[in-house]
Each structure stands twice: as C-alpha cells, then as structure tokens.
Amino acid sequence: MTLDRHNLLAILISDFNQLGFFHPQIITQAVTLLLCWGAAFWASRRVLSHQSVQDMRWKTGGDGLKRVLFPILALILVSVSNLVLHFIDGQNNSLLRVANLLMLAMVNIRIFVYVIRRVFEGAQWVQQWEKYISLTIWGLYVLHVVGILPEVLQTLDAISFDAGKVHISVLTVLQGLLSVGATLLLAMWLGRTIEHRLMMADVMEMNVRVVLVKVMRSALVVLAVLLSLSLVGIDLTVLSVFGGALGVGLGFGLQKIASNYVSGFIILLDRSIKMGDLISVDNRQGVISGLTSRYIVLKAPDGTESLVPNDTLITQTVVNQSYNDRSVWVGLPVSVAYNSDLDRVMEIMVAATEGNPRILKDPAPGAFVTAFADSGINLTLGFWLADPENGQMGLKSELNLKIWRAFKENNVEIPYPRRDIMLLQPDGASPSSVNPA
C-alpha cells in the first residue's frame, strides 16, 4: 500500500473545525460508516450461521473465516462507499478514510495473529505475546494516521551506505527482515494447513501422508527463502557459495544430521515401520507415536517416550511385532504338584482366558506341559494378545488371580522348592535322622 504522507488525523480535525459535527457532509459519512458496519455484521452472522460453514471439515477455513469475515466485509463496504461518495461530491471524506485505515489494521492484526497461532500451535509464548503484537501493529497504523510514520521511514532511508553497486539503508534492511519473516511465516502456515488436511485423508496410507507432508514443508520453506531473497534484491547466484559451504559442512560435521534426515525418508518409503507399530530396537520396546525428519518417538508401556534417531532404525535390527499382524503370542508359566490331575489343571488354565476381550479366540488359547522339574510339573498357558501396545502386566496379573482362585477351589497344589537335609554322624556312622525341608 502506498503511504499517504498527509496527516489524516489533522485533516479530519480540520474538517470538524471548518464544517462542524452536524454538517451534512460529516453526517453523511457517519451514517454511511454505521450502515457499512451494520451490513458487514449482519452478513458475517448470516454466513457463519450457515450449516455448510459450521460443518466445515477444514479447520483452517472455518476458524479463519470466523476471525476475518467481519473486518474484511466492513473494509470492502467502507472502501466502496468512500469511492462512491468521492465520485458523487468530489469531497475528501476524511472520516471514511480514517475508518478505512483502522479497519485495514484490524484485518492485518487478526490475520497475522491467526497465522502465528496456527504455525506455533500449542506454544505458550503465543498467548503471552499476542497482545504485544496487536499493540505494535496498532501503533504503526496510529503513527501513519497522525503522519509520523512517513517521516520515520524517510529518516531510516537516509541512514545508508553503498556496498559496491548495492545501496543499503536501515529501511532496506528492515524491509528485508520483514519480507523474509513474512514469507517464511506464510510458508510455515501453508505447510501446517496442508499437513492437517493430508492427515485426514484416510484413503492414503499413513507413511505416504507423512512423506508428502515432509517433502511439501521442506519445499515451501526453500521456496519462501528464495522468494524473500528475490524481494530484497539479493542475487540468487550467491547461493552457490552457500551451497558449497553447506556441502563441506555436511562432509565434516553434519553427516549424522543428513543421515538421519535421509534415513527418515527411506523408512517411510519402504514402509518398514509406521505410526502405531509395536517395535523393539536398541534395547527399547514401545509403540511408535511420532515420526519426524530426525527421529521417531517410541512410547513404552509405562508411558515414557524415547527419541530414537532414524539412522538407528537403518543400521540396527528392528523387531516389528506389528509388521504384518499386530497380535503377539504370550506365554504364562504355571507350576503344579506331581499329585495333580494334569488334564483338569490344563482345563482350568484355558478357562481363565474366557471372556477376556484382549485375548484372541482364533487361534484359541492352550495349555502345555513344558517340563518335569525338581519340585513340580511346569506348564505354560499360551494365548494370542490382540493389543500388545497396551502392555501385558495387568493382563497377566488378572489371569494369575483367576488361576489361583480356581486352583484353591479344586484343591490343586502349587509346589514350593523342596530339599532333603541328611545329618551325618561322626566317624562315618549312619545318619541319625532325616528331616525333609
């Protein structure tokens, strides 16, 4: 927008002094302004109350529309009214011009704050700094209204120096920083928006969605940097030097980072692991709850989360218990005395699994005699677990309690270690007694 170097506030005050508050020109502008605001408020309420807007799946579209619909409609109506009145009577319409600038400030603030919220979703500092961001934007527009901002910009542009053929000023540097920041922020917001949309596409596999999100976000950031540098006026050929320096850095110190980044794409493309898989790697076991460019998030059954570098998944053996089938086989050891009825014991053990929703019925659970030990007969209750990511300790405790209660009802003895102690008499005499223990 071209900056108006006139003091809009002074012009408005001058019109009030010359014409008075109740002059037809002032009243016409005030009535027009109120009508524009009322029409914008009514139209925004009508649009937002429509069922298609309320049912909008794309969160960005619904939330963004709610925030900016009223100020944008008001800005459009006030701008059109200003042009119509100026065409009819040729007057300056200073009240509408000031109101138009304030509505433009409101639109910019709501869009900027909304984009920051979406890019840094969940960050605590966004809520803390939101009011300061709004006050800064309002302050810039107030300086423009009172005519101070153009003078400040002229002063910043006067502080300059020449670097070869390039003329650099403080204003140019500030414009460059704002350009880079705005394009990067826009690229990050667009990437986050497309990411949310892709993650809801159930027709695609999760790995494909993650790959598309990573490629898309990286491409948007690179494109934003190139575009911002072009807007500032930096020759893109200087990036060849930066590219050479980056290559040297990758060769000497950043090879691990590059390896993890490339490994992340390889893992996603070959679909060896995916979100929700139960894996064991590097002496850790858990469910994959997150996939990033550098690492995966491995959530253990106790709730702890480990960040495993992608390079580790490429160079080490990974046990994926959910690769083709999520169910896993679990063995529960049980020991009984030698005088027990093994057939009845095995029936009791299998019956303990009945009615448990976590245990699969097909393949059916079974009891097996595994060994004749010193103190008793060792058996194993084997079954297939449908949701291994939810842990096994609680399930094993429940089954052991059922088996324990059933054994007590059926007088099945669980043995304890037994040792025979023999006391020898001196001079090699026969033992005087034998006490079992």
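What you see is a predicted model, and the numbers here were worked out from it, not measured in a lab.

**Comments concerning the environment of Leu381**
In this structure, Leu381 sits in strand E10 (residues 377-385). Excluding its chain neighbours within four sequence positions, the residues that come into contact with Leu381 are Val330, Gly331, Leu332, Met349, Val350, Thr353, Gly366 and Ile403.

**Looking at the sheet that holds strand E9 (residues 366-372)**
Pairing is antiparallel in the open sheet, where 3 strands are placed in the order E8-E10-E9. Single-partner strands in this sheet number two, and they are strand E8 (328-336) and E9. Strand-to-strand twist across the sheet, computed as the mean angle between neighbouring axes with direction ignored, equals 30°. In this sheet, E10 lies alongside E9 in antiparallel orientation, the contact comprising 6 bridges. Across the sheet, residue Phe368 finds its bridge partner in E10, namely Thr380. Along the sheet face, helix H14 (residues 393-409) touches E8 and E10 and points at about 30° away from the line of E8.

**Considerations on the nonpolar core**
In terms of nonpolar packing, the biggest core is built from 22 residues, with Val336, Val345, Met349, Phe383, Ile403 and Phe407 touching the most fellow members. Taken together, the elements giving at least two residues each to this core come down to E8, helix H13 (342-351), E10 and H14. With residues near it in sequence (within four places) discarded, Val345 still touches Val336, Ser340, Leu379, Phe407 and Val412.

**Some details on the packing of aromatic side chains**
Counted under the stated rule, the structure contains 1 aromatic pair. Centre to centre, the rings of Phe41 and Phe70 are 6.4 Å apart; their planes meet at 80°, and the pair counts as edge-to-face. Remark: Phe70 occurs in helix H4 (residues 59-89) and Phe41 occurs in helix H2 (residues 24-48); sequence separation between them is 29 residues. Accessibility expressed as a relative area gives 47% for Phe41, which makes it partly exposed. Relative accessible area serves as the criterion here: at 24%, Phe70 is assigned to the partly exposed category.

**So, the environment of Phe265**
As for its placement among the helices and strands, Phe265 is situated in helix H11 (residues 255-270). Once the C-alpha coordinates of Phe265 and Val215 are considered, the two residues, 50 residues apart in sequence, prove to be 9.2 Å apart. Ignoring anything within four residues of it in the chain, the contact list for Phe265 reads Val211, Lys214 and Val215.

**Quick word on the pairing of E8**
Judged by which residues are buried, E8 turns out to be one-sided: Val328, Val330, Leu332, Val334 and Val336 face inward and are buried, whereas Trp329, Gly331, Pro333 and Ser335, on the alternate face, are not. Inspection of the sheet shows E8 paired to E10 by 9 bridges, in the antiparallel sense. By the bridge assignment for E10, Pro333 is matched with Thr380.

**Some points on the environment of Leu174**
Inspection of the secondary structure puts Leu174 in helix H8 (residues 170-199). For Leu174, a relative accessible area of 38% translates into the label partly exposed. Measuring from C-alpha to C-alpha, the distance between Leu174 and Leu156 comes to 9.2 Å, with 18 residues separating the pair along the chain.

**Some details on the sheet that holds strand E7 (residues 319-320)**
Taking strand neighbours across the sheet as the criterion, the 5 strands line up as E6-E5-E4-E3-E7 in an open arrangement whose pairing is antiparallel. Looking at strand neighbours, the two that pair on one side only are strand E6 (305-309) and E7, the edges of this open sheet. Of the strand pairs in this sheet, strand E3 (residues 278-281) and E7 are connected by 2 bridges, and their pairing is antiparallel. Bridging across to E7, Ile279 finds its partner in Asn320.

**Some remarks on the pattern of salt bridges**
Applying the stated criterion to the full structure yields 4 salt bridges. Ionic pairing is found between Arg344 and Glu347, a salt bridge with its closest N-O pair at 3.4 Å. In this pair, Arg344 and Glu347 are both assigned in helix H13, 3 residues apart and thus about one turn of the helix distant. Using a relative accessible area of 38% as the deciding quantity, one classes Arg344 as partly exposed.

**Let's talk about the packing of H2 against helix H5 (residues 94-119)**
Contact pair H2 / H5: the axes reach a minimum separation of 8 Å and the direction vectors enclose 30°. When the interaxial angle is binned, H2 and H5 end up roughly parallel. In contact with Ile26, Gln29, Ala30, Leu33 and Trp37 of H2, H5 contributes Ser94, Leu95, Leu96, Ala99 and Met103.

**Some points on the side chain of Asp277**
Looking at where Asp277 falls in the secondary structure, it is placed in the loop between H11 and E3. For Asp277, the side chain forms a polar contact with the side chain of Asn320, separated by 3.1 Å.

**Brief notes about the confidence of the model for the protein chain**
A low pLDDT means the predicted coordinates there should not be read in detail. Residues of the protein chain with pLDDT of at least 70 account for 79%, and the chain-wide mean is 76. Throughout residues 1-5 the model reports pLDDT below 50, and contacts reaching past four residues in sequence, or to other chains, amount to 9 contacts. Contacts of residues 57-62 to residues separated by more than four positions or lying in other chains number 15 contacts, the stretch itself having pLDDT below 50.

**Topic: the packing of helix H7 (residues 148-158) against H8**
One way to put it is that H7 packs onto H8 with a least axis distance of 5 Å and a crossing angle of 105°. Taken together, the axis directions place H7 and H8 in an arrangement best described as roughly perpendicular. For the pair H7 and H8, contact is made by Leu153, Leu156 and Asp157 and by Val170, Leu171 and Leu174, respectively. Here the contact of H7 with H8 is built from residues that sort into 5 nonpolar, no polar and 1 charged.

**Quick look at the side chain of Ser81**
Within the secondary structure layout, Ser81 lies in helix H4. With a relative accessible area of 15%, Ser81 lands in the buried category. Contact partners of Ser81, with chain neighbours within four places excluded, come to Thr32, Cys36 and Leu96.

**Quick word on a nonpolar patch on the surface**
On the surface, Ile72, Ile76, Val80, Val84, Phe87, Ile88 and Ile111 cluster together into a nonpolar patch covering about 680 Å² of accessible area. In terms of residue count, the dominant contributor to the nonpolar patch is H4 (6 residues). Mapping Ile72 onto the fold places it in helix H4.

What counts and what doesn't
- Residues numbered from 1 in each chain as written.
- Predicted model: local features only at pLDDT ≥ 70, side-chain atom pairs only at ≥ 80, totals over all residues.
- Heavy atoms only, no water.
- Helix = DSSP H or I, 4+ residues; strand = E, 2+ residues; numbered from the N terminus.
- Contact = heavy atoms within 4.5 Å.
- Pairing = 2+ DSSP bridges.
- Axes fitted to C-alpha atoms, helices over the stretch in contact; angles between N-to-C directions.
- Core = buried A, V, L, I, M, F, W, Y, C linked by side-chain atoms within 4.5 Å.
- Buried < 20%, exposed > 50% of the residue type's maximum accessible area, 1.4 Å probe, protein only.
- Phe/Tyr/Trp six-rings, centres within 6.5 Å; stacked < 30°, edge-to-face > 60°.
- Salt bridge = Lys/Arg side-chain N within 4 Å of Asp/Glu carboxyl O.
- Parallel < 35°, antiparallel > 145°, perpendicular 65-115°, else oblique.
- Polar contact = N/O pair within 3.5 Å; in protein donor to acceptor, adjacent residues only side chain to side chain.
- pLDDT = per-residue confidence, 0-100.
- Nonpolar A, V, L, I, M, F, W, Y, C, P; charged D, E, K, R; others polar.
- Patch = residues over 30% accessible without salt bridge, like charges linked within 9 Å, V, L, I, M, F, W, Y side chains within 5 Å.
- Areas by Shrake-Rupley, 256 points an atom, 1.4 Å probe, with all protein chains shown as cover.

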